[in-house]
Amino acid sequence: FDDSNTLFDRQTMVHLFEWRHVANECENFLQFNGYGAVQVSPPNEHIMIYTNDDVPWWVRYQPVSYRLNSRSGTEAQFQNMVDRCNKVGVRIIVDSVLNHMVGVGQKSDDPGHGSSGTASYDGRDGIESFPAVPYSSTDFHDPVCHGDIQDSDYQYNANNVRNCRLSGLLDLNHASQHVRNMAVAYLTSLINAGVAGFRLDASKHMFPDDLQAMLEKLPNLRADIFGTNQKPFVVHEVIDRGGEAIKVTEYIAIGRYTNFNFGAAVASAIWKQSDVAGLSTLGPGFGYGNLDDHDVLNFIDNHDNQRDDQPYLTYKNGDQYRMGNAYMLAWTYGYIRVMSSFAFDFHDQGPPNMGAPNYATGSPTFNPDNTCDARSGWVCEHRWPTIRQMVQFRAACQGRAATEIVTESNRIAFAREQNGFFAMNNADSDWNRQFDTTLPAGSYCDQYDGELKGSMCTGQTITIDNDGKASVRIPARACIAFSVISRIGGR
Ligand code: LM2
Ligand code: CA
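Residues numbered from 1 in each chain as written. Chains lettered and ligands numbered in written order. Predicted model: local features only at pLDDT ≥ 70, side-chain atom pairs only at ≥ 80, totals over all residues.

As annotated in an unreviewed UniProt entry, the protein chain carries the name alpha-amylase and is attributed to Pristionchus pacificus. Recorded in UniProt under Subunit (unreviewed entry), the annotation for the protein chain is "Monomer." Per UniProt, the comment on the protein chain under Sequence similarities (unreviewed entry) is "Belongs to the glycosyl hydrolase 13 family." (UniProt positions renumbered as here; feature names shortened; annotations may be inferred.)

As structure tokens, this is what we get:
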């Protein structure tokens, strides 16, 4: 389950967190900017909770049924998105919540509750009834563990982490054949709709054996879209920064894992807790938890840790965030996921809904320069000029090794073997140096702070001589990037 199923030169996905089911983004933007896939928020029915004239984003992580009907849209809208995105070579990866249903005690059997609820349910302790799946109380882990995972379990008790409730969420027992069948039926319906794969939520909280048994039951992807004998892309949400009872190595036989060690290393370097020169070895064997290329999904931040207080990088950091993403996209390690957020001031804040009925999620509006209009509430990091240029840079350099690596204190530079060149200067003064770029002679436009539009470069121009050498100035706390696609006058 480790094939990316994306086109060769589009090995980057974007998490359009909480977006509606929109094909427009695939058609109008993603296909032209090197993006190969979209991770969509859980498309199935979920609870609705109303607080202070808002519905928190995390209702999506409390399923009430597997009907494709959510705050992001209806089943018909989901299908329309999958069809139209596939048509322009952009794949859909579904965030799939299998570990649990709703939080215990949140009783509601009011079917008219909000736009996403057609299914009745009762999540009270011991009742645990979800007739639209169907699940009943015997499908949950209560006989094995009737309570929450404790903090100490993460270090000492792997069974509890998998059998007990994750912050009160009713925990499904995947040893049960019936529960497996329901999960397999759900994922199969998504495959039949034409999706390319899954981000499995809370995989740490499910036994790898159970997951394997379910994944092996899945059909191949649709041959009319993906060709014959293609397996779904599977990435397991497993947070393993070391020192825990459950390790990412338990999951690599059944897919990739979300490599939280990657973004942490990049953030630490950008914040100068370590040296960006050290990023020259960020890959298999770098510190704890960085396994092989085909094992990892790498990212700078995700929808959870962008809300934490840790010194991560998020859109709120502006330039540092651009640097972190630029390095990730220029570097060779792993399959990449770019985060795309809505702006938030507090942890639970729901997505912009522009006054739509039933708190249905709204959509961004766009500026003439193709970024999102901040007034619509969406950040759209994936459309930031630097990030969209660097995704194209990555696409242009796909399959090319990092060579000619140069490091100085707080500085790193490397070529992508005849296709591209990247340098990051995290020091406080300009970096002036001659580099071997490996690129053909010519004038190139900087893709980090500029953009080549026709034959006009909106940023710094770099001249490469016949030996592939160039004298480059990288401003303090900035990067520079150029590639065969930013050669002025064509490649
Ligand atoms: C994940 N990955 O493994 C998701 O990335 C993460 O966003 C989910 O938590 C988590 N696992 C469960 O799917 C989020 C959010 C929590 C929220 C849950 C469930 O971070 O805050 O918990 O979704 O919606 C909420 C309340 C919490 C309450 C719980 C159950 O915040 O206080 O616990 O519901 O009622 C009593
Ligand atoms: Ca579990």
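### Describing the overall build of the protein chain
For the protein chain, the count of helices and strands is 10 helices and 20 strands. The C-alpha atoms of the protein chain give a radius of gyration of 23 Å, which matches the 23 Å a tight globule of 491 residues would have. C-alpha extents for the protein chain along the principal axes are approximately 75 × 50 × 45 Å. Evaluated residue by residue, the protein chain yields a buried proportion of 51% over its 491 residues. Once local pairs closer than 6 in sequence are excluded, the contacts in the protein chain between residues at least 24 apart make up 68%. (Helix = DSSP H or I, 4+ residues; strand = E, 2+ residues; numbered from the N terminus. Rg over C-alpha atoms; globule rule 2.2 N^0.38 Å. Buried ≥ 20, exposed ≤ 12 C-beta atoms within 10 Å, placed from the backbone. Contact = placed C-beta atoms within 7 Å.)

### Structural notes on unusual backbone geometry
Peptide bonds are mostly trans, and most non-glycine residues show a negative phi. The peptide bond linking valine 133 to proline 134 adopts the cis configuration, its omega dihedral lying at -5°. The residue proline 134 is located in the loop between strand E4 (100-103) and helix H3 (153-156) in this model. A positive phi is found at glutamate 128, a non-glycine position, where the angle reads about 45°. Among the secondary structure elements, glutamate 128 is positioned in the loop between E4 and H3. Using a count of 21 C-beta atoms within 10 Å as the deciding quantity, one classes glutamate 128 as buried. Positive phi is not limited to glycine here, since glutamate 404 has a value of about 50°. Its place among the elements puts glutamate 404 in strand E11 (residues 403-408). Judged by C-beta crowding, with 15 C-beta atoms within 10 Å, glutamate 404 ranks as partly exposed.

### Things to note about the site of ligand 1
Near ligand 1 lie 14 residues; those nearest to it are Trp58, Tyr61, Gly103, Gly168 and Ala202. A per-class count over the shell around ligand 1 returns six nonpolar, five polar and three charged. (Near = placed C-beta within 6 Å. Nonpolar A, V, L, I, M, F, W, Y, C, P; charged D, E, K, R; others polar.)

### With respect to the sheet that holds strand E12 (residues 411-416)
Taken together, the four strands give an open sheet; going across it, the order is E11-E12-E13-E20, and neighbouring strands pair in antiparallel fashion. Whereas interior strands pair on both sides, the edge strands pair on one side only; in this sheet they are E11 and strand E20 (478-483). On average, each strand axis in the sheet is inclined to that of its neighbour by 5°, with strand direction left out of account. Pairing geometry for E11 and E12, over four bridges, is antiparallel. Paired with threonine 407 across the strands is isoleucine 412, a residue of E12. Strands strand E13 (420-425) and E20 of the sheet are contacted by helix H9 (residues 319-330), whose axis makes an angle of about 35° with E20. (Pairing = 2+ DSSP bridges. Axes fitted to C-alpha atoms, helices over the stretch in contact; angles between N-to-C directions.)

### Points about the pairing of strand E18 (residues 461-464)
With burial as the criterion, only one face of E18 is covered, namely that bearing Ile462 and Ile464; the residues Thr461 and Thr463 on the opposite face remain uncovered. Both strand E15 (residues 442-445) and E18 contribute to a ladder of four bridges, which runs antiparallel. Residue pairing across strands places serine 443 opposite threonine 463, the latter belonging to E18.

### Quick look at helix H2 (residues 75-87)
Here H2 contains 13 residues, and its C-alpha end-to-end distance of 18 Å stays within 8% of the 18 Å for a straight helix at 1.5 Å per residue. Phe78, Met81, Val82, Cys85 and Asn86 are the residues of H2 that are buried. One side of H2 holds all its buried residues, which, seen down the axis, span an arc of 115°. Against helix H1 (24-28), strand E2 (37-40), strand E3 (91-96), helix H5 (177-193) and helix H7 (223-226) lie the buried residues of H2. Among the residues trailing H2, glycine 89 stands out with phi positive, at a value near 75°. (Expected span 1.5 Å × (residues − 1). Arc of directions from axis to C-beta.)

### As for H9
Look at H9: 16 Å from first C-alpha to last across 12 residues, which is about the 16 Å you get at 1.5 Å a residue. Among all positions of H9, only Tyr321, Arg322, Met323, Gly324, Asn325, Ala326, Tyr327, Met328, Leu329 and Ala330 are buried.

### Observations concerning the sheet that holds strand E1 (residues 12-16)
Here eight strands make up a closed barrel; going around it, the order is E1-E2-E3-E6-E7-E8-E9-E10 and the pairing parallel. The average angle at which neighbouring strand axes cross in this sheet is 30°, direction not considered. Bridge count between E3 and strand E6 (residues 197-200): four bridges; the pairing is parallel. For valine 94, the partnering residue across the bridge sits in E6 and is phenylalanine 198.

### Notes on the packing of H9 against helix H10 (residues 385-397)
The contact between H9 and H10 brings their axes to 8 Å, and the two run at 10°. Our classification of the angle between H9 and H10 gives roughly parallel. Contacts between H9 and H10 involve Arg322, Asn325, Ala326, Leu329 and Ala330 on the former and, on the latter, Thr386, Ile387, Met390, Val391, Phe393 and Arg394. Broken down by class, the residue content of the contact of H9 with H10 amounts to seven nonpolar, two polar and two charged. (Parallel < 35°, antiparallel > 145°, perpendicular 65-115°, else oblique.)

### What to know about the environment of isoleucine 225
With respect to the helices and strands, isoleucine 225 occurs in helix H7. By C-beta crowding, isoleucine 225 is classed as partly exposed, having 16 other C-beta atoms within 10 Å. C-alpha separation for the pair isoleucine 225 and threonine 438, spaced 213 residues apart in sequence, amounts to 37 Å.

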